[in-house]
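# Commentary on secondary and tertiary structure
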Amino acid sequence: MTENIDYDSLMPLIRLLADGEVHSGESLGATLGVSRTAVWKQLKKLDALGLEVDSVKGSGYRLLRNLDILAPEVIRNLSKVISRGDLELLSFSSIDSTNRWLGDHLKIAPLSRLHACTAEFQTAGRGRRGRQWVSPFASNLYLSLGYSVNDGLLGLDGLSLAVGVELVNALEAFGITGARLKWPNDVLYKGKKLAGILIEVSGDLTGLSSLVVGLGVNHTMSTEGAQSIDQAWIDLSQVCQDLNIPLPKRDDLMVTLIDRIAGLLQQYPKQGFAEYRARWSQLDAYRGRPVTLLLGEKKIIGTGCGVDDGGAFLLQTESGTLTFHGGEVSLRSGHAA
Ligand code: BTN
């Protein structure tokens, strides 16, 4: 059960243990200003976050894996868009879903101002098409950005594809090459899912309305998290090993993502998808390849033919080129039976 735990109160202890070294109960208590018994009680609660604590006889405690914990103050200092005052950031140690939280927050937040929300842990992370997004503690990146307006959300066709392009651009800024996009916006590496994007709009689309762009990037998936994923996946630690490059710190990646996606959201209503189409095509995982398109119960087979100027998927079939606009459509590689 995770509901009754105050995760914020555990963060100081987690930060001390994040180095994976052994810390005595006495030194932890002295640094935190609490008794050894209080330390022990807190240590017991770390299990609910999937953190395994090893008790080293006569010496103290250590975490079984090092943690790269997000530092919101570092993110604020490094982000250009936050330093300029263009975006307000809220960071949680734990939340049900950053998309859910931001969507609700935008109902009371100042209109048109960009807001972002990050979390170390999501108890009910949302994926596309009603799926769950597995979101273990201090393992991956969970980020939502958005804004609300009172004159409707216009000119956003293809936005989710453009977000995918910026996500890949952000990875490439760290030397992480080889990521590809599966329409509409899955990020794949060697055919396995590395990141996902969930865009949610609400309100009256010609009046008061809000847009939330959610990004989940697998960074260092925990063993516990890995067990509950029901598709082929990969994380950046594996990708960086494959490319033989250092794994970027989560803070640095988060800053790059925030700045790039915020820049995109500021420009997009003026620019539209046409600016992104060529780059999206370069990154298209399925261009010229056999694909099966699933439309509810229906399967349509053909060859991936890229996207049009509005970001709609083009499928070349025996009866000509068909155009698909997202919604409940999904793609599979090859001609599935
Ligand atoms: C997908 O199914 O591919 C989309 C996954 C999107 C996950 C992210 S994690 C941050 C944000 N908050 C959520 O609840 N979901 C998105």
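Everything in this summary refers to the structure shown in the same document. For every chain, the first residue of the written sequence is number 1, and numbering continues from 1 onward in sequence order. Per-residue local features of the predicted model are confined to residues with pLDDT of at least 70, and side-chain atom pairs are confined, for both listing and counting, to 80 or more; whole-chain, interface and lining totals are unaffected and use all residues. Side-chain numbers here rest on the full set of heavy atoms in the structure, without hydrogens or water.

### Let's talk about the sheet that holds strand β11 (residues 298-307)
At least two DSSP bridges between two strands are required for those strands to pair. The way it works is that DSSP assigns letters per residue, a run of H or I at least four long becomes a helix, a run of E at least two long becomes a strand, and they are numbered from the N terminus. Read from one edge of the open sheet, 5 strands run β13-β12-β11-β10-β14, paired in antiparallel fashion. The strands lining the two open edges of the sheet, one partner per strand, are β13 (320-324) and β14 (329-333). Neighbour to neighbour, the strand axes of the sheet diverge by 45 degrees on average, direction disregarded. Relative to β14, strand β10 (residues 290-295) is paired through 5 bridges, and the arrangement is antiparallel. By the bridge assignment for β14, Leu295 is matched with Val329. Note on definitions: angles span 0 to 180 degrees between N-to-C directions of axes, and those axes are lines fitted to C-alpha atoms, for helices only across the stretch in contact.

### Quick word on the site of the ligand
Nearness here has a simple test: a residue counts as near a molecule or strand if at least one of its heavy atoms is within 4 Å of that partner. Surveying the vicinity of the ligand reveals 20 residues, the closest of which are Ser97, Thr98, Arg126, Arg128 and Lys193. Residues adjacent in sequence count toward polar contacts only when both atoms are side-chain atoms; beyond that, a polar contact is any pair of N or O atoms within 3.5 Å, and within protein one must be able to donate a hydrogen and the other to accept it. In this structure, Arg128 approaches the ligand through a main-chain N or O atom, which is 2.7 Å from an oxygen atom. Protein contact buries 98% of the 410 Å² of open area that the ligand shows by itself. Listed by contribution, the elements that provide at least two residues to the shell around the ligand are α6 (98-105), β5 (141-149), β8 (192-203) and β9 (209-217). If one sorts the elements of the shell around the ligand by residue count, β8 sits on top with 4 residues. Three categories are distinguished: nonpolar for Ala, Val, Leu, Ile, Met, Phe, Trp, Tyr, Cys and Pro, charged for Asp, Glu, Lys and Arg, and polar for the others, with Gly belonging to the last. Class assignment of the residues belonging to the shell around the ligand gives a composition of 6 nonpolar, 10 polar and 4 charged. Computed by Shrake-Rupley with a 1.4 Å probe, the accessible areas treat only the displayed protein chains as cover when residues are assessed.

### A look at helix α10 (residues 250-271)
Here the expected span of a helix is defined as 1.5 Å times the quantity of residues minus one. With 22 residues, α10 ought to run about 32 Å at 1.5 Å a step, and its terminal C-alpha atoms sit 30 Å apart, in line with that. Phi for Gly272, located one or two positions after α10, is positive at around 75 degrees.

### Looking at the packing of helix α1 (residues 7-17) against helix α3 (residues 36-45)
Running from N to C, α1 and α3 cross one another at 90 degrees; their axes reach a closest spacing of 10 Å. It follows that α1 is roughly perpendicular to α3 by the angle criterion. Packed against α1, whose contacting residues are Ser9, Leu10, Leu13 and Leu17, the element α3 presents Val39, Gln42, Leu43 and Lys45 at the interface. Its residues assigned to classes, the contact of α1 with α3 comprises 5 nonpolar, 2 polar and 1 charged. These descriptions rest on fixed angle ranges, namely under 35 degrees for roughly parallel, over 145 for roughly antiparallel, 65 to 115 for roughly perpendicular, and the rest for oblique. In what follows, residue pairs with any heavy atoms lying within 4.5 Å of each other are defined as contacts.

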